[in-house]
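# Notes for the structure review
What follows is the residue order along each chain.
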Amino acid sequence: MCGIVGAVAERNVVEILLEGLKRLEYRGYDSAGVALLNDEGDLKRIREVGKVRKLTEAVERDGAPGSTGIAHTRWATHGGVTEENAHPHFSSERVAVVHNGIIENYVPLRKSLSSQGYTFTSDTDTETIAHVVHSMLDNGNSLLEAVKKAVTHFTGAYGTVVIDKADPDKMVVARSGSPLVIGLGLGENFVASDQLALLPVTRRFIFLEEGDVAEVTRRTVTIYDKSGERVEREVVESTIEHDAGDKAGYRHYMLKEIYEQPAVIRNTLQDRIDNLHNVDTLFGHGAENILKQVNHIQIIACGTSYHAGMTARYWLEEYAGVSCSVEIASEFRYRKSVVHENSLLVTISQSGETADTLAALRLAKELGYMSALTICNVPGSSLVRESDLAFMTLAGAEIGVASTKAFTTQLTAFLMLTLSIGKFNGLHEETEQKIIRAIKTLPGKIEEALGTAGVIENLAEEFADKHHSLFLGRGAQYPIAMEGALKLKEISYIHAEAYASGELKHGPLALIDEEMPVIVVAPNDELLEKLKSNVEEVRARGGIMYVFADVDAHFESDDTLRVINIPHCEDITAPIVYTVPLQLLSYYVALIKGTDVDQPRNLAKSVTVE
Ligand code: G6P
């Protein structure tokens, strides 16, 4: 979602800010802006609706250099997509603010500030921050004190950076509910909502914690915690590759990330799969004692990560012998639920910052779960820091909004969790060894599955003019059908629904005709014969089917049925392997439709507001 970059330096920071915004583009946004303070104390702002490229052109045309600056990509929540609503927001040409999150009490604040004479020029909640800070400055507070006092007036979520024309060479930043990271340079310092934005200028970061307020100058970073106490926070060296934002010759990040899957699964497995019995090393200190006692697992996630949890449930119940429920975070957090005895909460998240998942974790702590484990791709993210245990997927930065490699590494992580819990619940050694062998072949199987790209690219032609589609799967492939449908709708905008094929007769059969392609996920497992009956039901109603099938499943292509052969794999790893051709299908359909594959309309990569 929205992105923040800020810098205070001796040099002109324009390039740093614009490059930072470019690196945050993947998160999804609809407008962008920058505010710069120069040595003479002039404050200049440029904002544009649309891409960062447009903002860059405007800055080249009308910009002025500045050694202190803040910049933002906005994903509209309060107020339409207009230049007036784009950040930074000003208060009387003195205070400039960028903000991620939502100030929920902005309506009464707006009323009160208007009655004090502050003029609003946008429909945003953010503008209230600028005016509240300004009013505190007018009361004689320093910028730091003004921000510290201002945040006590806000309810909701914020990651915000404030600069003051009367006090240049300084930024004051505050975090509550929206992540912020400070980047440390030599004689210059930076701030951003995501470390990726700052990798060209530094690798040393301080992750702010909830309630922190910090004053950042060229040479100093002073942090105060939520009770106002001065605190030191750990400086972390980033391990993310500097060029994580490169497409490496691929036309889109999404395609690059699809092709990276064998390598990132290998990374995620490396040293771990042969070390499964060392549970504390895999999941964190004390994990063995917790996993030993687990009676129930509650999985919570959103979007694609939720589908990983849905798949994992089949594995955890069948092989680890532990009961498991899976729920969407935004539902879980707002209903009364029952906590089973010795229940482990597992959150899954690529970003580690999804607002609903984070809120669900915080709620679970109050509800008395035995422990909380997160499966996450971003070290230092809020979910990792606030969970008792963590398993890091090593997918590397995922830039495409539609998640691909993060999903398959999450599934890989769940296989390791299944084995780790299974060993305490009587998982037979022979079965364990069989699963380990299957997991080890995964990268190679995915490489083979990528070999279907040419066939799928040709098939995609037949989808491009369709408006609806139906995805079918059974067992652990049902969530994979859901994920396939999600990918297709996210990037090609074709309406796609997924059903457990046993449910066909209970409604979706009514939709079948030649205008609604039916995509079937059909590995050669114990449910194959049942799935074949479902295929016949569709065929009898004139449906056109695309069956992703094991070579040994003996489906024959004909006028109404296209078979895409997928390499044979073990039942347990099949959901991961079958995900890949479905990702390719949505990619090639989107290519034909000419959509913005990496940044699909209206969507954001990291959903940091409710
Ligand atoms: C957004 C993204 C999805 C992602 C979901 C959950 O909707 O566009 O790709 O699956 O958030 O994100 P998380 O970072 O928690 O996995």
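None of the values given here were measured: they were computed from a predicted structure.

Basis of the calculations
- Residues numbered from 1 in each chain as written.
- Predicted model: local features only at pLDDT ≥ 70, side-chain atom pairs only at ≥ 80, totals over all residues.
- Heavy atoms only, no water.
- UniProt positions renumbered as here; feature names shortened; annotations may be inferred.
- Helix = DSSP H or I, 4+ residues; strand = E, 2+ residues; numbered from the N terminus.
- Pairing = 2+ DSSP bridges.
- Axes fitted to C-alpha atoms, helices over the stretch in contact; angles between N-to-C directions.
- Contact = heavy atoms within 4.5 Å.
- 1 Å grid on protein atoms, 1.4 Å probe; cavity = no way out; pocket = protein on both sides within 12 Å on 5 of 7 lines; lining within 4 Å.
- Points joined across faces, edges and corners; volume = space filled by probe spheres on them.
- Nonpolar A, V, L, I, M, F, W, Y, C, P; charged D, E, K, R; others polar.
- Near = heavy atom within 4 Å.
- Polar contact = N/O pair within 3.5 Å; in protein donor to acceptor, adjacent residues only side chain to side chain.
- Areas by Shrake-Rupley, 256 points an atom, 1.4 Å probe, with all protein chains shown as cover.
- Sits in = over half its atoms within 2 Å of the grid points.
- Salt bridge = Lys/Arg side-chain N within 4 Å of Asp/Glu carboxyl O.
- Buried < 20%, exposed > 50% of the residue type's maximum accessible area, 1.4 Å probe, protein only.
- Phe/Tyr/Trp six-rings, centres within 6.5 Å; stacked < 30°, edge-to-face > 60°.
- Lys NZ or Arg CZ within 6 Å of the ring centre and 35° of its normal.
- Parallel < 35°, antiparallel > 145°, perpendicular 65-115°, else oblique.
- Left-handed = near helix turned anticlockwise from the far one by under 90°.

Right, let's get into the UniProt feature "domain: SIS" (unreviewed entry) in the protein. UniProt tags residues 287-427 and 459-600 as "domain: SIS" (unreviewed entry). Along residues 287-427 one finds 45% helix and 21% strand; the C-alpha atoms at either end are 18 Å apart. For residues 459-600, the end-to-end C-alpha separation is 22 Å, with 36% helix and 20% strand making up the annotated structure.

Taken together, the 5 strands give an open sheet; going across it, the order is S17-S16-S18-S19-S20, and neighbouring strands pair in parallel fashion. Each edge of the open sheet is held by one strand with a lone partner, namely strand S17 (323-328) and strand S20 (389-392). Ignoring strand direction, the axes of neighbouring strands in this sheet form an average angle of 20°. Judged from the 6 bridges that link them, strand S16 (residues 296-301) and S17 form a sheet pairing that is parallel. Residue pairing across strands places Ile300 opposite Glu327, the latter belonging to S17. Against the sheet, helix H10 (residues 303-318) contacts S16, S17 and strand S18 (343-349), and its axis sits at roughly 170° relative to S17.

In this section: the layout of surface pockets. The calculated volume of the largest pocket comes to roughly 770 Å³. Along the walls of the largest pocket sit 38 residues, with Ile240, Asn377, Gly396, Ala397 and Glu398 positioned nearest its centre. Tallied by class, the residues present in the lining of the largest pocket amount to 14 nonpolar, 12 polar and 12 charged. Each pocket or cavity is described by its volume, and for the second largest pocket that value is around 520 Å³. Around the second largest pocket sit 27 residues that line it, and Cys302, Gly303, Ala604, Lys605 and Val607 are the ones nearest its centre. Of all the elements in the fold, those that place two or more residues in the lining of the second largest pocket are H10, S18, helix H12 (355-367) and helix H18 (477-492).

Here the focus is the site of the ligand. In the vicinity of the ligand lie 13 residues, with Ser305, Ser349, Gln350, Ser351 and Thr354 positioned nearest. In this structure, Ala604 approaches the ligand through a main-chain N or O atom, which is 2.9 Å from an oxygen atom. Computed on the free molecule, the ligand has an accessible area of 390 Å², of which 90% lies beneath the protein chains in the complex. More than half of the atoms of the ligand fall within 2 Å of the grid points belonging to the second largest pocket. Here the element with the most residues in the shell around the ligand is H10; it accounts for 3 residues. Tallied by class, the residues present in the shell around the ligand amount to 4 nonpolar, 8 polar and 1 charged.

Glancing now at the pattern of salt bridges. In this structure the tally under the stated criterion is 35 salt bridges. Notably, a salt bridge pairs Lys170 with Asp167, separated by 3.0 Å at the nearest N-O pair. A relative accessible area of 16% places Lys170 in the buried class. Asp167 sits in the partly exposed class, given a relative accessible area of 22%. Through salt bridges with shared partners, a single network forms among Glu10, Asp169, Arg218 and Arg219.

All told, the structure shown has 5 aromatic pairs when counted by the stated rule. Taking 5.4 Å as the distance between ring centres and 40° as the angle between the ring planes, the aromatic pair formed by Phe283 and Phe391 counts as tilted. Placement of the pair is Phe283 in helix H8 (residues 279-283) and Phe391 in strand S20, with a sequence separation of 108 residues. Note on Phe283: relative accessible area 0%, which makes it buried. Summarising the aromatic geometry, the rings of Tyr587 and Tyr588 are spaced 5.2 Å apart at their centres and angled 75° between planes, so their arrangement reads as edge-to-face. Lying over the aromatic face of Phe90, Arg45 brings its terminal NZ or CZ to 4.1 Å of the ring centre. The ring of Tyr314 has Arg313 lying over it, and the distance from NZ or CZ to the ring centre is 5.6 Å.

This part is about the UniProt feature "active site" (unreviewed entry) in the protein. Per the UniProt record, "active site" (unreviewed entry) is annotated on Cys2 and Lys605. Separation in sequence by 604 residues is not matched in space for these annotated residues, since their most distant C-alpha atoms are only 9.7 Å apart. Of the residues annotated just before, the largest cavity has Cys2 among its lining. Assignment of secondary structure puts Cys2 in the segment before strand S1 (3-8). Leave out the neighbours within four places in its chain, and Cys2 touches Arg27, Gly28, His72, Thr73, Arg74, Trp75, Asn100 and Ser193. With respect to the helices and strands, the residue Lys605 is situated in the segment after helix H20 (574-593). Lys605 gets classed as buried once you look at its relative accessible area, which sits at 12%. Apart from residues lying up to four places away in sequence, Lys605 is in contact with Met1, Tyr26, Arg27, Gly28, Gln350, Glu398, Ile399, Gly400, Val401 and Ser403.

On to the environment of Thr354. Mapped onto the elements, Thr354 comes out in the loop between S18 and H12. Along the chain, Thr354 and Ala329 lie 25 residues apart, while their C-alpha atoms are 9.3 Å from each other. Ignoring sequence-local partners within four residues, the contact set of Thr354 consists of Cys302, Ser349 and Val607.

Its location among the elements puts Glu537 in helix H19 (residues 528-540). Here Glu537 falls in the buried class, since its relative accessible area comes to 13%. Not counting residues up to four positions away in its chain, the partners in contact with Glu537 are Leu504, Lys505 and Leu509.

Here we come to the environment of Tyr158. Within the secondary structure, Tyr158 sits in strand S7 (residues 158-164). With 29 residues separating them along the chain, Tyr158 and Ile129 place their C-alpha atoms 9.8 Å apart.

This part covers the packing of helix H3 (residues 106-115) against helix H4 (residues 127-138). In the contact formed by H3 and H4, the axes pass within 10 Å of each other and the chain directions differ by 45°. Relative to H4, the element H3 lies oblique. As H3 runs across H4, the sense of the crossing is left-handed. Seen from H3, the contacting residues are Tyr106, Leu109, Arg110 and Leu113; seen from H4, they are Thr128, His131 and Val132. Of the residues in the contact of H3 with H4, the class split is 4 nonpolar, 2 polar and 1 charged.

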